[in-house]
Amino acid sequence: MSLGSGLAKGLAITLRTMTRRAVTAQYPETQPELPPRSRGVIGLFEENCTVCMLCARECPDWCIYIDSHKETLPAAAPGGRERSRNVLDRFAIDFSLCMYCGICVEVCPFDALFWSPEFEYATTDIRELTHERDTLRAWMWTVPEPPPLDPAGEEPKEIAAARKAAEKQAGSGDAP
């Protein structure tokens, strides 16, 4: 092999590339096709949030802000005791600090946080990148459904238990 063959191959590739027409997707008019599990923003399913604060404590950037108060519930049965529960007042994420690591989504024991593929939330003012729970909730509805279970796989225990309970209840309802 001669010394100039590498140079000739490189120039041939360059000339071939120069003669091809460039294909550029013009972003605002043409939306990009995102991978199914892309990380855009974090959506909040508020009904599942128990204000356990795990997401805020585990966040390495401390960009999650949660405020809550305790509410006392009356006794469910006569002679029972009152219960208290946390009520979510504020849930906000400062996306100017967030590094999109996903730790908050992973540590949430109640599946209240999800990755949404939304990515169009740019602004000219950095103070507007702190999104409150109403915006996070709106992003929740853009979260894609999880992939279907493997048809050859074992049925999850929770679904099997719920199915058996429903069959048992339907069977007892049919009896005279």
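What counts, and where the lines are drawn
Residues numbered from 1 in each chain as written. Predicted model: local features only at pLDDT ≥ 70, side-chain atom pairs only at ≥ 80, totals over all residues. Heavy atoms only, no water. Helix = DSSP H or I, 4+ residues; strand = E, 2+ residues; numbered from the N terminus. Rg over C-alpha atoms; globule rule 2.2 N^0.38 Å. Polar contact = N/O pair within 3.5 Å; in protein donor to acceptor, adjacent residues only side chain to side chain. Contact = heavy atoms within 4.5 Å. Phe/Tyr/Trp six-rings, centres within 6.5 Å; stacked < 30°, edge-to-face > 60°. Buried < 20%, exposed > 50% of the residue type's maximum accessible area, 1.4 Å probe, protein only. Patch = residues over 30% accessible without salt bridge, like charges linked within 9 Å, V, L, I, M, F, W, Y side chains within 5 Å. Areas by Shrake-Rupley, 256 points an atom, 1.4 Å probe, with all protein chains shown as cover. Salt bridge = Lys/Arg side-chain N within 4 Å of Asp/Glu carboxyl O.

S.K.: I'm lost on the overall build of the protein chain in this one. Help?
M.R.: If you tally the helices and strands in the protein chain, you get 5 helices and 5 strands. Reading the protein chain from its N terminus to its C terminus gives the helix and strand order α-β-α-β-β-α-β-β-α-α. For 176 residues, the compact-globule estimate of 2.2 N^0.38 gives 16 Å, and the C-alpha radius of gyration of the protein chain, at 26 Å, exceeds that figure by more than 25%. Summarising its shape, the C-alpha atoms of the protein chain cover approximately 95 × 50 × 35 Å along the three principal directions.

S.K.: How do you make sense of the side chain of S116 when you look at a structure like this?
M.R.: Checked against the element boundaries, S116 lands in strand 4 (residues 113-116). Engagement of the side chain of S116 in a polar contact is seen with the side chain of T142, the distance being 2.4 Å. Residues in contact with S116, not counting those within four places in the same chain, are S38, R39, G40, V41, W139, T142 and V143.

S.K.: Where do I start with unusual backbone geometry in this structure?
M.R.: Outside of glycine, negative phi angles account for most residues, and trans bonds account for most peptide bonds. Of note in the backbone geometry, W62 takes a positive phi value of approximately 55° without being a glycine. Here W62 shows up in the loop between helix 2 (54-58) and strand 2 (64-73).

S.K.: I'm lost on the packing of aromatic side chains in this one. Help?
M.R.: The relation between two aromatic rings is expressed through the spacing of the ring centres and the mutual angle of the planes. Applying the stated rule across the entire model yields 7 aromatic pairs. Pairing F95 with Y100 gives two aromatic rings, centres 6.0 Å apart and planes at 20°, and the pair type is stacked. Taking relative accessible area as the criterion, Y100 reaches 24% and is therefore assigned partly exposed. Three or more aromatic residues joined by ring pairs form one cluster here, namely F95, Y100, W115, Y121 and W139.

S.K.: Whenever I open this one, a nonpolar patch on the surface confuses me. Can you help?
M.R.: A cluster of nonpolar side chains, Y27, L34 and F119, forms an exposed patch at the surface whose accessible area comes to about 250 Å². Along the chain, the position of Y27 falls in the loop between helix 1 (4-19) and strand 1 (41-44).

S.K.: Where do I start with the environment of E155 in this structure?
M.R.: Along the polypeptide, E155 turns up in the loop between helix 4 (133-140) and helix 5 (157-174). Judged by its relative accessible area of 34%, E155 falls in the partly exposed class. Once residues lying within four places of it in the same chain are set aside, the contact partners of E155 are A160 and R163. Within the structure, the side chain of E155 is placed 2.8 Å from the side chain of R163, a separation counted as a polar contact.

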